[in-house]
Amino acid sequence: MLLNDSASSTASAQSAQVLRRFRVVFNAVRGHFKQVEKQVGLGGAQVWALSLIRDEPGIGLGELARRMDVHQSTASNLIKVLLQKNLVRLDKSPTDKRHVQLDVLPEALALLARVPGPFEGVLPVALDRLPAATLQQLDQNLAELITLLQADESAESIPLSTL
C-alpha cells in the first residue's frame, strides 16, 4: 500500500510542477501583450496584423489570415478595428473587386516603432527556436492533454492576445 501512496504522491508532485510551468508560460504571454497594449493602445493581434501589412503592402485579407494562422473572419474583425483607428487603408483589388488590398498609413508606422517586439508575440518566437524533435514531442503531448480535457479544438485559430 505504501508503494501506491508514494507513486501517487510523485505523480501529484509532477502534475503540480507542470501546472506551475503552464502558469509561467501564460504569464509570459499575457505580460508581453499587456505591455504592448499599454504602450500603443492596441491588442497584440492587431499589432501583429499591422506589422504584416507594413511588411507586405497590398496584402489581401485571405493572405493576412493565413500568415496569422487565424480564420478569415477573425482577420476581418482585426482589420475593422485598424480601419476605425485610421491605421490602415483598404482598397478593392484592381483586377478582382471581390478582393481587397491592405496598406498601413503613416500613423501605423509611428505606432509600430514604439512596440516592444516581437510583433507576433513571445510564444511563437520561442516555439520557432525549439529543436524540431522537441517541438514534435510537445505537439504530441499537448494533443494528448487536449483530448483529456475534451477541449473545443476550434479555439486553435483564436489569437492568444485575445484570450
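The notes below deal with the structure included here.

What counts as what
- Residues numbered from 1 in each chain as written.
- Predicted model: local features only at pLDDT ≥ 70, side-chain atom pairs only at ≥ 80, totals over all residues.
- Heavy atoms only, no water.
- Helix = DSSP H or I, 4+ residues; strand = E, 2+ residues; numbered from the N terminus.
- Rg over C-alpha atoms; globule rule 2.2 N^0.38 Å.
- Buried < 20%, exposed > 50% of the residue type's maximum accessible area, 1.4 Å probe, protein only.
- Contact = heavy atoms within 4.5 Å.
- Areas by Shrake-Rupley, 256 points an atom, 1.4 Å probe, with all protein chains shown as cover.
- Lys, Arg positive; Asp, Glu negative; His and termini not counted.
- Charge placed at Lys NZ, Arg CZ, Asp CG, Glu CD.
- Expected span 1.5 Å × (residues − 1).
- Salt bridge = Lys/Arg side-chain N within 4 Å of Asp/Glu carboxyl O.
- Patch = residues over 30% accessible without salt bridge, like charges linked within 9 Å, V, L, I, M, F, W, Y side chains within 5 Å.

Helix and strand content of the chain: 7 helices and 2 strands. When the helices and strands of the chain are placed in sequence order, the string is α-α-α-α-β-β-α-α-α. In summary, the chain has a C-alpha radius of gyration of 20 Å against a globular reference of 15 Å for 163 residues, an excess of more than 25%. Each of the three principal axes of the chain carries a C-alpha extent, and together these read 75 × 35 × 25 Å. Buried residues in the chain amount to 26% of all 163 residues. Summarising the internal contacts of the chain: among those between residues at least 6 apart in sequence, 55% fall at separations of at least 24. As displayed, the chain has an accessible area near 11000 Å², and 55% of this comes from carbon and sulfur atoms. Positive and negative charge centroids in the chain, built from 17 and 17 side chains respectively, lie 8 Å apart.

Further remarks concern helix α2 (residues 44-55). Between the first and last C-alpha of α2 there are 16 Å, a value that for 12 residues agrees with the 16 Å anticipated at 1.5 Å per step. Extensive coverage of α2 is indicated by the burial of 10 of its 12 residues. Turning to α2, its buried residues are G44, A45, Q46, V47, W48, A49, L50, S51, L52 and I53.

It is worth spelling out the pattern of salt bridges at this point. A side chain of one charge can pair with a side chain of the opposite charge when the charged atoms of the two come close. Within this structure, the stated rule accounts for 6 salt bridges. R66 is the partner of E63 in a salt bridge, and the nearest nitrogen-oxygen pair spans 2.6 Å. With a gap of 3 residues between them, E63 and R66 both fall in helix α3 (residues 61-68), about one helical turn apart. On the accessibility criterion, E63 (24% relative accessible area) is partly exposed. One salt bridge in this structure joins E63 and R67, with 3.0 Å as the shortest N-O distance. In this pair, E63 and R67 are both assigned in helix α3, 4 residues apart and thus about one turn of the helix distant. A residue is classified by how much of its surface remains accessible, and R67, at 36% relative accessible area, is partly exposed.

Below, the discussion takes up the environment of G121. Tracing the sequence through the fold places G121 in the loop between α5 (106-113) and α6 (122-129). On the basis of relative accessibility, which here comes to 0%, the residue G121 falls in the buried class. Expressed as a C-alpha distance, the spacing of G121 and P159, which sit 38 residues apart in the sequence, is 9.9 Å. Ignoring sequence-local partners within four residues, the contact set of G121 consists of H32 and F33.

Take unusual backbone geometry next. Positive phi outside glycine occurs at D69, with the angle close to 55 degrees. Relative accessible area serves as the criterion here: at 59%, D69 is assigned to the exposed category. Look at N86: it is not a glycine, yet its phi comes out positive at around 55 degrees. On the secondary structure map, N86 appears in the loop between α4 (72-84) and β1 (88-92).

Further remarks concern a nonpolar patch on the surface. Side chains of V18, L19, F22, V25, F26, L130, L135, L138, L142, L145, I146 and L149 sit close together on the surface and give an oily, nonpolar patch of about 920 Å² of accessible area. If you list the elements that add at least two residues to the nonpolar patch, you get α1 (2-40) and α7 (132-149). Sort the elements by how many residues they give to the nonpolar patch and α7 lands first, with 6 residues. Position of L149 relative to the elements: it lies in helix α7.

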